[in-house]
Amino acid sequence: PLLCTTIRGTSLHGRHLKRFLSALPDSLRIHGPIDVHPEVQDALANKKPIVALETTIVTHGMPYPVNLKTAQSVESNVRKAGAIPATIGIIGGRVKIGLEPRELGYLADVENNLAVVKVSRRDIGPAIALKRDGGTTCSATLIFAALAGIKVFATGGLGGVHRGGEISMDVSADLHELTRCPVALVSAGVKSILDIGRTLEYLETLGVPVISYGPTEDFPAFYSRHSGFKSPWRVEDPISAAKVLYHQSQLGMTNGALFGVPIPERYQEVGEELQRHVEQAVKEAEENGVSRRGKEATPWLLRRVGELTAGRSLTSNVALIENTALVGGQIAVAYADLQH
Ligand code: PSU
Ligand code: MN
């Protein structure tokens, strides 16, 4: 099965560790439903820095054509930092680790591909068996990044415990995945469409380190630099961030870490205003029952916030993910230095 835990096994030393950190096992690369882009393959083999990127944000998180432009600028920011981007998605039932520009364009063209699915862990097997196209969420992207030996993954926001999640049990699979994929998830925190306090409590229960990246311990809330909650840890530079993952791996730990990079300062003021519209969207979702419709809840809320803010939320969204891509690239470079 495509599980990083299985591939990694229990004895993580010496030659085994080296082999699995450098590239996919040959049997999987040759016979599995997976295609690694040649540039990514070369980077894996030569231990060059790589940053994984998700595609649910492309297929279900932003409208066309902003989704495509953002995916492209995020890839180019990873390169600016000195790393290789590996955008991950599913096309025709094959897992793609690193997309050709034409493949990225195909996934982003959502108006002409209404059948594209949002793929979390539970959807991977069926989507491959039925030869579907899919945007991978953080959970699925973490799985494939770990499988390939990619140590850093940059995105905007991950999923978490939804408001009322203690009753509905709507808790994103993203959280649990961080316990079994040794990958640094670099994000701007979680959106306040979620219950941020319970999301942090749950990550504590799962044993996932939450680390603010930057000048304060505030755990960021996507559009805003502050959520009202503190992260248990803080780092200020890429090396310290990379060492978290490096030492966890040395100890044979299979979990990842969540880094919270606040949105750039100049977006803070508008962020506070966007927050009011988020509250409105959450209220509507509860009233019309969308909050009880499983995987549809998050895309619906994202779209509604976009409508209510007349697109201003999108500008912030693009800015924060371009920023996490830069930081992710820097952390990947630092990680590669530790490996050499
Ligand atoms: N939050 C955002 N934008 C997004 C997502 C979350 O602000 O695009 C996407 C990510 O791909 C995340 C997924 O992994 O939604 C979580 O979905 P769910 O809540 O259904 O687990
Ligand atoms: Mn959910």
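Cut-off values and rules
- Residues numbered from 1 in each chain as written.
- Chains lettered and ligands numbered in written order.
- Predicted model: local features only at pLDDT ≥ 70, side-chain atom pairs only at ≥ 80, totals over all residues.
- Near = placed C-beta within 6 Å.
- Helix = DSSP H or I, 4+ residues; strand = E, 2+ residues; numbered from the N terminus.
- Nonpolar A, V, L, I, M, F, W, Y, C, P; charged D, E, K, R; others polar.
- pLDDT = per-residue confidence, 0-100.
- Contact = placed C-beta atoms within 7 Å.
- Core = buried A, V, L, I, M, F, W, Y, C linked by C-beta atoms within 7 Å.
- Buried ≥ 20, exposed ≤ 12 C-beta atoms within 10 Å, placed from the backbone.
- Arc of directions from axis to C-beta.
- Expected span 1.5 Å × (residues − 1).
- Axes fitted to C-alpha atoms, helices over the stretch in contact; angles between N-to-C directions.
- Left-handed = near helix turned anticlockwise from the far one by under 90°.

- As annotated in an unreviewed UniProt entry, the protein chain carries the name Carbohydrate kinase PfkB domain-containing protein and comes from Postia placenta MAD-698-R-SB12.

## Topic: the site of ligand 1
Now for step 1: Residues in close proximity to ligand 1 total 19 residues, the closest being Thr56, Gly61, Cys138, Gly159 and Ser172.
Now for step 2: For the shell around ligand 1, the elements supplying multiple residues, two or more each, are α5 (56-61), α11 (173-177) and α15 (297-308).
Now for step 3: Here the shell around ligand 1 takes 3 residues from α5, the largest share from any one element.
Now for step 4: Taken together, the residues of the shell around ligand 1 break down into 6 nonpolar, 9 polar and 4 charged.

## Re the confidence of the model for the protein chain
Now for step 1: Across the protein chain, pLDDT averages 92, with 93% of residues at or above 70.
Now for step 2: Segment residues 1-22 is flagged for pLDDT under 50; beyond a separation of four residues in sequence, or across chains, it makes 25 contacts in the model.
Now for step 3: Scored as a complex, the prediction yields pTM 0.93 and ipTM 0.99.

## Details of the nonpolar core
Now for step 1: Judged by nonpolar contacts, the single largest core of 96 residues is most densely connected at Val51, Ala145, Val152, Phe153, Ala184 and Leu185.
Now for step 2: Among the elements that take part in this core, helix α16 (residues 312-339) stands out by supplying 10 residues, more than any other.
Now for step 3: Leaving out residues up to four positions away in the same chain, Val51 has contacts with Val78, Ala83, Pro85, Ala86, Val152, Phe153, Ala154, Ala325, Gly328, Gly329 and Ala332.

## With respect to helix α12 (residues 196-206)
Now for step 1: Among all positions of α12, only Ile196, Thr199, Leu200 and Leu203 are buried. Buried residues of α12 fall within an arc of 95° about the axis and therefore sit on the same side. When the buried face of α12 is taken as reference, the exposed residues oriented beyond 90 degrees from it are Glu204 and Thr205.
Now for step 2: If you follow the buried residues of α12, they end up packed against α11, β9 (210-213) and β11 (257-260).
Now for step 3: Just downstream of α12 lies Gly207, where phi reads positive at about 80°.

## Description of helix α6 (residues 66-80)
Now for step 1: A rise of 1.5 Å per residue sets the reference length of α6, with its 15 residues, at 21 Å; its end C-alpha atoms lie 20 Å apart and thus fit the reference within 8%.
Now for step 2: Among all positions of α6, only Asn67, Thr70, Ala71, Val74, Glu75, Asn77 and Val78 are buried. The arc that holds the buried residues of α6, viewed along the axis, is 160°, so those residues lie on one side.
Now for step 3: Following α6 by one or two positions, Gly82 has its phi on the positive side, about 95°.

## Remarks on the packing of α6 against helix α7 (residues 101-108)
To characterise two packed helices, one gives the angle between the axes of the helices and the distance between these axes.
Now for step 1: Closest axis-to-axis distance for the α6/α7 pair is 9 Å, and the angle between their directions is 145°. In this structure, α6 crosses over α7, and the sense of that crossing is right-handed. Between α6 and α7, the residues in contact are Asn67, Leu68 and Ala71 and Leu104, Gly105 and Ala108, respectively.
Now for step 2: Residue classes in the contact of α6 with α7 are distributed as 4 nonpolar, 2 polar and no charged.

## As for unusual backbone geometry
Only a minority of non-glycine residues have a phi that is not negative, and only a minority of peptide bonds are not trans.
Now for step 1: Cis geometry marks the peptide bond from Tyr64 to Pro65, where omega comes out at 0°.
Now for step 2: Its place among the elements puts Pro65 in the loop between α5 and α6.
Now for step 3: For Ala310, which is not glycine, the phi torsion reads 50° and is therefore positive.
Now for step 4: Following the sequence through the fold, Ala310 ends up in the loop between α15 and α16.
Now for step 5: By C-beta crowding, Ala310 is classed as exposed, having 9 other C-beta atoms within 10 Å.

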